[in-house]
Amino acid sequence: MATIEECRAALEKLSDNMQTAEGDVGAAAALDRSVSCRITDLDITFVGRMTGGRIVVQDTLQGPPPEKAQIRLILAGDDLVAMVNGELNFAKAWGSGRVKLEAGLRDLLRLRKLL
């Protein structure tokens, strides 16, 4: 099972990848939205903001987030680490329900280019 530190490092790596993205992927990364990443097996949630092409984690909370972020990712810690390292295909994991991504329709359409 991935640790809190490994999950935070995976989010940092995802953020770094987003910041260097170009074209359609870069446009998707340029969203300015509140975000939460719920790690189900650790019962924690990283909350923050996607801004300037990065994910800025502002806090780590025990349990589910108190407020609904505009973009919400829900998955196990191992799946987050595997997805960011290219070992887990996001589309297949999302289609099977292993990973959940919740957002408004416009954001989902833009985010699919990113993930």
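Residues numbered from 1 in each chain as written. Predicted model: local features only at pLDDT ≥ 70, side-chain atom pairs only at ≥ 80, totals over all residues. Heavy atoms only, no water.

An unreviewed UniProt entry annotates the protein as SCP2 domain-containing protein originating from Streptomyces plumbiresistens.

## With respect to unusual backbone geometry
Backbone geometry at Asp 43 places phi at a positive 55 degrees, although glycine is not the residue there. Here Asp 43 shows up in the loop between strand E1 (33–39) and strand E2 (44–51). (Helix = DSSP H or I, 4+ residues; strand = E, 2+ residues; numbered from the N terminus.)

## Concerning the sheet that holds E2
The mixed open sheet is built from five strands, whose spatial order is E3-E2-E1-E4-E5. The two strands at the open ends of the sheet, each matched to only one other strand, are strand E3 (54–62) and strand E5 (100–103). For this sheet, the mean angle separating the axes of adjacent strands, direction not counted, is 20 degrees. In the packing of helix H1 (residues 4–19) onto the sheet, contacts are made with E1, E2 and E3, and the angle to E3 comes to roughly 160 degrees. Strands E1 and strand E4 (71–75) of the sheet are contacted by helix H3 (residues 77–84), whose axis makes an angle of about 110 degrees with E4. (Pairing = 2+ DSSP bridges. Axes fitted to C-alpha atoms, helices over the stretch in contact; angles between N-to-C directions. Contact = heavy atoms within 4.5 Å.)

## Digging into the pattern of salt bridges
Under the criterion given, the structure shown has seven salt bridges. Across the pair Asp 16 and Arg 54 runs a salt bridge whose closest N-O atoms are separated by 2.9 Å. A residue pair is termed long-range when its members are at least 10 positions apart, and Asp 16 in helix H1 and Arg 54 in strand E3 qualify at 38 residues. Arg 38 serves as the salt-bridge partner of Asp 43, at 2.8 Å between the closest nitrogen and oxygen. You can call Asp 43 partly exposed: its relative accessible area is 32%. What emerges from the salt-bridge pattern is a single network uniting Glu 12, Asp 16 and Arg 54. (Salt bridge = Lys/Arg side-chain N within 4 Å of Asp/Glu carboxyl O. Buried < 20%, exposed > 50% of the residue type's maximum accessible area, 1.4 Å probe, protein only.)

## As for H3
Judged by how many residues are buried, H3 sits mostly within the fold: six of eight residues are covered. For H3, the complete set of buried residues consists of Gly 77, Asp 79, Leu 80, Ala 82, Met 83 and Val 84. Looking at the packing, one finds that the buried side of H3 touches H1, E1, E4 and helix H4 (90–95). Two residues or fewer after H3 comes Gly 86, characterised by a positive phi angle close to 80 degrees.

## So, the side chain of Ser 34
Mapped onto the elements, Ser 34 comes out in strand E1. The class of Ser 34 is buried, set by a relative accessible area of 19%. Of note is the side chain of Ser 34, whose polar atom sits 2.8 Å from the backbone nitrogen of Gln 70. (Polar contact = N/O pair within 3.5 Å; in protein donor to acceptor, adjacent residues only side chain to side chain.)

## Looking at the pairing of E1
Within E1, six of the seven residues are buried, leaving the element largely enclosed by the surrounding structure. Sheet topology note: the E1/E2 ladder contains seven bridges and is antiparallel. Across the sheet, Ile 39 pairs through a bridge with Ile 44, a residue of E2. Taking the residues that link successive antiparallel strands as the turn, the E1-E2 hairpin has four residues, and the phi of Asp 43 there is positive, at about 55 degrees. Relative to E4, E1 is paired through five bridges, and the arrangement is parallel. By the bridge assignment, Cys 37 is partnered in E4 with Leu 73.

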